[in-house]
There are 2 protein chains.
Amino acid sequence: MPSSCNDKMYELGVAGSSIRVLFAYGQQRKAQIGADKVYDFSLGNPSVPAPAKVRQAILEVLDEPSLQLHGYTASPGAASTRAAIAASLNRRFGTSYQPDNLYLTMGAAAALDASIRAVVDPGDEVICIAPFFPEYQMWIEAAGCTSVRSMADADMQPDVDDIASRITERTRAVIVDSPNNPTGAVYPRERLERLAEALRAASERIGRTIYLIADEPYREVVYDGIEVPWIPSIYPDTIVCYSYSKSLSLPGERIGYVLVPDTMPAWREVFAAVAGAGRTLGYVCAPSLIQQVVERCVDEPTDVAAYAANRAALTEGLSKIGYEYVEPQGAFYLWMKALEPDAKRFSERAKAHELLIVPSDDFGMTGYVRIGYCVSHDTIVNSMPAFQALYDEYRA
Amino acid sequence: MPSSCNDKMYELGVAGSSIRVLFAYGQQRKAQIGADKVYDFSLGNPSVPAPAKVRQAILEVLDEPSLQLHGYTASPGAASTRAAIAASLNRRFGTSYQPDNLYLTMGAAAALDASIRAVVDPGDEVICIAPFFPEYQMWIEAAGCTSVRSMADADMQPDVDDIASRITERTRAVIVDSPNNPTGAVYPRERLERLAEALRAASERIGRTIYLIADEPYREVVYDGIEVPWIPSIYPDTIVCYSYSKSLSLPGERIGYVLVPDTMPAWREVFAAVAGAGRTLGYVCAPSLIQQVVERCVDEPTDVAAYAANRAALTEGLSKIGYEYVEPQGAFYLWMKALEPDAKRFSERAKAHELLIVPSDDFGMTGYVRIGYCVSHDTIVNSMPAFQALYDEYRA
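Residues numbered from 1 in each chain as written. Chains lettered and ligands numbered in written order. Predicted model: local features only at pLDDT ≥ 70, side-chain atom pairs only at ≥ 80, totals over all residues. Heavy atoms only, no water.

Draft legend 1. Region of the structure containing the pattern of salt bridges. Across all of its chains, the model carries 50 salt bridges over all chains by this definition. The salt bridge involving Asp100(B) is made with Arg82(B); its shortest N-O contact spans 3.9 Å. Highlighted residues: Asp100(B) in the loop between helix 5 (79-93) and strand 2 (102-105) and Arg82(B) in helix 5, separated in sequence by 18 residues. By relative accessible area, which is 8% here, Arg82(B) ends up buried. What emerges from the salt-bridge pattern is a single network uniting Arg92(A), Glu216(A), Arg219(A) and Glu220(A). (Salt bridge = Lys/Arg side-chain N within 4 Å of Asp/Glu carboxyl O. Helix = DSSP H or I, 4+ residues; strand = E, 2+ residues; numbered from the N terminus. Buried < 20%, exposed > 50% of the residue type's maximum accessible area, 1.4 Å probe, protein only.)

Draft legend 2. Broad picture of the interface of chain A and chain B. Listed as interface residues are 79 residues of chain A and, on the opposing side, 79 residues of chain B. At the boundary of chain A with chain B, total buried surface from both sides reaches about 5,800 Å², with 56% on carbon and sulfur atoms. One can count four salt bridges joining chain A with chain B. Linking chain A with chain B are 40 residue pairs in polar contact (both at pLDDT 80 or more). By residue number, the principal contributor to the side of chain A that touches chain B is helix 11 (residues 267-280) of chain A, which donates nine residues. The class makeup of the residues in the side of chain A that touches chain B is 44 nonpolar, 20 polar and 15 charged. (Contact = heavy atoms within 4.5 Å. Buried area = accessible area lost by both parts, 1.4 Å probe. Polar contact = N/O pair within 3.5 Å; in protein donor to acceptor, adjacent residues only side chain to side chain. Nonpolar A, V, L, I, M, F, W, Y, C, P; charged D, E, K, R; others polar.)

Draft legend 3. Up close: the sheet that holds strand 12 (residues 358-359) of chain B. All names here are of chain B. With respect to topology, four strands assemble into an open sheet ordered 9-10-13-12, the strand pairing being antiparallel. Each having just a single partner strand, strand 9 (325-326) and strand 12 make up the two edges of the open sheet. One ladder, built from two bridges, connects strand 12 with strand 13 (residues 368-372); its direction is antiparallel. If you follow Val358 over to strand 13, its bridge partner there is Arg370. Each of strand 9, strand 10 (333-337) and strand 13 is contacted by helix 12 (residues 305-321), which is oriented at about 10 degrees to strand 10, the strand it contacts most. (Pairing = 2+ DSSP bridges. Axes fitted to C-alpha atoms, helices over the stretch in contact; angles between N-to-C directions.)

Draft legend 4. Up close: the pairing of strand 5 (residues 171-176) of chain B. All names here are of chain B. In terms of burial, strand 5 is largely enclosed, as six of its six residues are buried. Bridge count for strand 3 (residues 125-130) against strand 5 is four bridges, and the pairing is parallel. Paired with Glu125 across the bridge in strand 5 is Thr171. Taken together, the four bridges between strand 5 and strand 6 (residues 211-215) define a ladder with parallel strand orientation. Considered in strand 6, the bridge of Ala173 is made with Tyr211. For the crossover that starts at strand 5, traverses helix 9 (residues 189-206) and ends in the parallel strand 6, the hand is right-handed. (Right-handed = clockwise from strand over helix to strand, strands pointing away.)

Draft legend 5. Structural context of the packing of helix 3 (residues 52-61) of chain A against helix 12 (residues 288-297) of chain A. All names here are of chain A. In the contact formed by helix 3 and helix 12, the axes pass within 9 Å of each other and the chain directions differ by 125 degrees. One finds that helix 3 runs oblique with respect to helix 12. Where helix 3 crosses over helix 12, the handedness of that crossing is right-handed. Side by side, helix 3 and helix 12 meet where Lys53, Val54, Ala57, Ile58, Glu60 and Val61 of the first sit next to Leu289, Gln292, Val293, Arg296 and Cys297 of the second. Taken together, the residues that form the contact of helix 3 with helix 12 break down as seven nonpolar, one polar and three charged. (Parallel < 35°, antiparallel > 145°, perpendicular 65-115°, else oblique. Left-handed = near helix turned anticlockwise from the far one by under 90°.)

Draft legend 6. Spotlight on the relation of the copies chain A and chain B. Here chain A sits on chain B after a turn of 180 degrees about the axis and a move of 0.0 Å along it, with an RMSD of 0.0 Å. Put plainly, the chains are arranged around a two-fold axis. Residue Leu281(A) of chain A places its C-alpha closer to the rotation axis than any other residue of that unit, at 2.8 Å. A symmetric contact is evident, with 100% of the interface residues of chain A recurring at the interface of chain B. (Least-squares fit on C-alpha atoms with pLDDT ≥ 70 in both.)

Draft legend 7. Quick peek at the domain arrangement of chain A. All names here are of chain A. Entries for chain A in the domain assignment read domain 1 (7-50 + 303-395) and domain 2 (52-297). Here the C-alpha centre of domain 2 lies 26 Å away from the C-alpha centre of domain 1. For the interface between domain 1 and domain 2, the tally reads one salt bridge. Here Arg311 and Asp224 are joined by a salt bridge, their closest N and O atoms 3.1 Å apart. Counting across the interface, domain 1 meets domain 2 through 14 residue pairs in polar contact (both at pLDDT 80 or more). For the side of domain 1 that touches domain 2, the elements supplying multiple residues, two or more each, are helix 13 (305-321), strand 10 (333-337) and strand 13 (368-372). (Domains from an automatic or database assignment.)

Draft legend 8. View of the packing of aromatic side chains. Residue and element names in this part refer to chain A. Under the definition given, this model contains 39 aromatic pairs over all chains. With a centroid separation of 6.3 Å and 50 degrees between ring planes, the pair formed by Phe133 and Trp139 is classed as tilted. Taking relative accessible area as the criterion, Phe133 reaches 25% and is therefore assigned partly exposed. In this structure Trp139 comes out as buried when scored by relative accessible area, which is 2%. Among the aromatic residues, ring-to-ring pairing joins Phe41, Tyr323, Phe387 and Tyr391 into one connected group. Over the face of the ring belonging to Tyr391 we find Arg395, whose NZ or CZ atom lies 5.0 Å from the ring centre. (Phe/Tyr/Trp six-rings, centres within 6.5 Å; stacked < 30°, edge-to-face > 60°. Lys NZ or Arg CZ within 6 Å of the ring centre and 35° of its normal.)

Draft legend 9. Up close: the side chain of Asp215(B). Residue and element names in this part refer to chain B. By the secondary structure assignment, Asp215 is in strand 6. A distance of 2.5 Å separates polar atoms of two side chains, one belonging to Asp215 and the other to Tyr136. Setting aside its immediate chain neighbours within four residues, Asp215 contacts Ala108, Leu112, Tyr136, Val176, Asp177, Ser178 and Cys241.

Draft legend 10. Expanded view of unusual backbone geometry. The omega angle of the peptide bond from Asn181(A) to Pro182(A) is 25 degrees, so this bond is cis rather than trans. Inspection of the secondary structure assignment puts Pro182(A) in the loop between strand 5 (171-176) and helix 9 (189-206). The linkage connecting Ser178(B) with the following residue, Pro179(B), adopts the cis geometry, with an omega of -5 degrees. Along the chain, Pro179(B) turns up in the loop between strand 5 and helix 9. At Asp224(A), a residue that is not glycine, the phi angle is positive and equals roughly 55 degrees. Following the sequence through the fold, Asp224(A) ends up in the loop between strand 6 (211-215) and helix 10 (231-234). Despite not being glycine, Glu354(A) has its phi angle at roughly 65 degrees, a positive value.

Structure representation (structure tokens):
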């Protein structure tokens, strides 16, 4: 460990996100043998371009005076943008949110980090449902808290009894992520209602509110018309963290929000704490031009047709070969059983077939891999012989 | 204190930055009595539009495929953008930085927060030269450290002997900000060389590197051709935090960088720690479209003519009335003596004349006010009777 800097930060910087490490390997490998020879399923980078309206909105806002277009907005975001988002949510979910319920952030990562720090005290516990997005643990630990793992059931749904059994006096929040990264599961209303009930009972017992933090960047990416229940209507003590990265295909622009719903009894306090946490995290305001673009695109439908076609080709191809997986209902990930208990080794062996798939250990579970099918349709189709060869190797 | 959230975050959220509170009052007051009747010198929001090339660059990059334009970049930023910035610095300062020395951030606030957390351990001390940007203290405390204040001398220059006397075994960094916000002072080479010498000696004595963290958003905003020395060439253990907010008038777009120079002995470790700190702070990458815009505008000259004209009108007008102030050499702030020891009361009495000026207490010093002259020239000219009336009230 170097004495020249903070050890923990150094470690986190050197390790990087393991997903990004695999992605970096893929970039290198593509340069060596050709992009079409590498089947890179590592990242969650949308493969569908942003809607045409995004470009149109950028051209539109360019007519505004520079000082207004590129100037600071209020820390929680421009009032007009927050009003547009609130109105859109109210139309969709029958709610009555105001601009004051919204704090715009640089994407869901910033939204989650600020939301966690807003509600926890050092020493608190936050429950994550495994498998989960790997950075949750890091943000929870950076806030001086403990991340407590509750394993999902066989369908990758929250196991409410298990969650309830892990609640202690120090439990401050449960993070839910539906549609789920990495499994593609969508949590049904009934399961969320049971979870809400358990959290209400536990909050009363310990004498302190247990928050749900809903990480929802994939809210619009669902298939077969499945319902994504609006969680604050089921459990009022829900903080929603959203990003336009996936729905508008703007991951690099870093734009999203924290919603602290007006139906949460302590929403004013929690909202202020989110803003305070944002200050300590070095946030000033979300990027101003993109705020205005989002304001104009807030009701643009998400184009999921390409992801749906990929999903069909992938599941059909893999099941024909004999792989087992969780049927994905949303997001653009397939959660597939590894062909040996050690998913890391399985992922390494897949690499030899130019298949880049992320081992489940990084998501807090063993024995699976995540296949991100936000790729070209050709990548799916052309990768099938490689998946077949990998399978044959194990079955030989 | 609410038990519904983290007390400290709540406090920070409710308090907001005092500068922004004064600004919000101004917005309200302008709505009441008309914008031209309120002389709002509260903010550091550039009053000069972004260079025409910014608009041109946005139109140019809009021709790129959406997935590339709006996609994730590598966490430290796009390689091409970092290369352009490195090349520009190398041309200007005779250095040989590489893209790997640069970590792009959402402005200087994010750069400072990540840089502080990269080098400190909890319990460390960071020296700030008062008067200073108020958020320094908050970021230092949020990292579990103590902010130690060293008062500037009468010319608002660093008092090297005083800084040296405050160094302990736990001192990890000194933050310097030149051209300075709030005083407009520019630190001359000789003073920085003496500071470097003191830090070298102290680092050797305590057996640990003391870093300079150079906060430089105003680097290009200087008058009368005064030199802004390149600090890493004077003290290699300098981390530079930069923002394009002022030089390109893009404050709302949140784009800047951390430079960890290759001349710093431990630059690889410190750079990794900056990246690790960025992860814990919820940063993913700097906004992608604006990265590409900066890449194309990296050598655009900063238009300081309007600020220079404002400075001349303001200093001439105020000195005629009889006010005392520090002659500003850079940035767009005038540091003026309050007419009574209590600067907060002075600022309140100024409000009655529709003059919005920030009391120095917020910057860690008593008895002064900050006048941000990044306003229209008319605001300066038209505010003079109000400054006269305020003066007369005190002299009556």
